[in-house]
Amino acid sequence: MTLAIAAVLVLVIEAEVVQPFRVPTASMEPTLLCARPTEGCTARLNDRVLVARIVYRFRGPHRGEIAVFHAPAKAKVRCTEGGTFLKRVIGLPGDQVSEKDGFFYVDKRKLAEPYIPFLSRDAVTATWPRLGPKQYFVMGDNRIGSCDSRVWGPVPRSSFIGPVVATYWPPTRWTIR
């Protein structure tokens, strides 16, 4: 009986409160690591993170946080990947996102991105359409190796699962975000 109650409690918590995810690709390197031999990955073990599902029931994604979401259909077509993605939220509803020589601007104001090493930046210059209501612009921290909103467009609010709140594996990378 105790095991049954514990199992039900774990299932409810995972479904409604917090859920673990594995970092599968190099798109968030060096912030979140994936394991070699996957292309671009630098770690021996994949980072595993906890996502607070309950948070987005009360508020939308915030600029700068790493969020987990269901990838838009265009992502599978344009990037040969689909499913669940982890990316950083850059643009919020109503924002105009642009890039100039690898640096990002939101409504013509340069975005402070201390989490992006110089060598992870690309050299693109582009401007994307202004985000509509309930649309978000997301990107990987490894700008050179990330297929993201620059390629497949904005993510609708309804696709978001929750923000990454902690890295719990491997133990040497334990972090609260």
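Here's a quick rundown of the structure. (Residues numbered from 1 in each chain as written. Predicted model: local features only at pLDDT ≥ 70, side-chain atom pairs only at ≥ 80, totals over all residues. Heavy atoms only, no water.)

### Digging into the layout of surface pockets
- The computed volume of the largest pocket comes to approximately 160 Å³.
- As for the largest pocket, its lining consists of Thr 25, Ala 26, Ser 27, Thr 38, Glu 39, Gly 40, Glu 81, Lys 87, Asn 142, Gly 145, Ser 146 and Cys 147.
- Tallied by class, residues from the lining of the largest pocket come to 2 nonpolar, 7 polar and 3 charged. (1 Å grid on protein atoms, 1.4 Å probe; cavity = no way out; pocket = protein on both sides within 12 Å on 5 of 7 lines; lining within 4 Å. Points joined across faces, edges and corners; volume = space filled by probe spheres on them. Nonpolar A, V, L, I, M, F, W, Y, C, P; charged D, E, K, R; others polar.)

### Observations concerning the state of the cysteines
- Applying the stated criterion across every chain yields a total of 2 disulfides.
- Shown here is the disulfide that connects Cys 34 with Cys 41, its sulfur atoms set 1.7 Å apart. Across the S-S bond of Cys 34 and Cys 41 the torsion is about -95°, and the bridge reads as left-handed. Taken individually, Cys 34 and Cys 41 each receive the classification buried, so the pair is uniform in this respect.
- Two residues, Cys 79 and Cys 147, share a disulfide whose sulfurs are 1.4 Å apart. When the S-S torsion is -50°, as for the bridge of Cys 79 with Cys 147, the disulfide is left-handed. Taken together, the residues span a long stretch of sequence, with Cys 79 in helix 2 (residues 73–79) and Cys 147 in the loop between strand 9 (135–139) and helix 3 (149–152) at a distance of 68 residues.
- Take Cys 79: its relative accessible area is 9%, and that puts it in the buried class. (Disulfide = S-S within 2.5 Å. Buried < 20%, exposed > 50% of the residue type's maximum accessible area, 1.4 Å probe, protein only. Helix = DSSP H or I, 4+ residues; strand = E, 2+ residues; numbered from the N terminus.)

### Quick notes on the pattern of salt bridges
- Per the counting criterion, the structure on display carries 9 salt bridges.
- We note a salt bridge from Asp 107 to Arg 130, for which the minimum N-O separation is 3.1 Å. Of this pair, Asp 107 sits in the loop between strand 6 (103–106) and strand 7 (109–110) while Arg 130 sits in the loop between strand 8 (126–127) and strand 9, and the two are 23 residues apart along the sequence.
- The closest approach of N and O atoms between Arg 143 and Glu 113, which form a salt bridge, is 2.7 Å. With Arg 143 in the loop between strand 9 and helix 3 and Glu 113 in the loop between strand 7 and strand 8, the pair connects residues that are 30 residues apart, well separated along the chain. Like Glu 113, Arg 143 is buried.
- A single network of salt bridges, built from pairs that share partners, joins Glu 113, Arg 121 and Arg 143. (Salt bridge = Lys/Arg side-chain N within 4 Å of Asp/Glu carboxyl O.)

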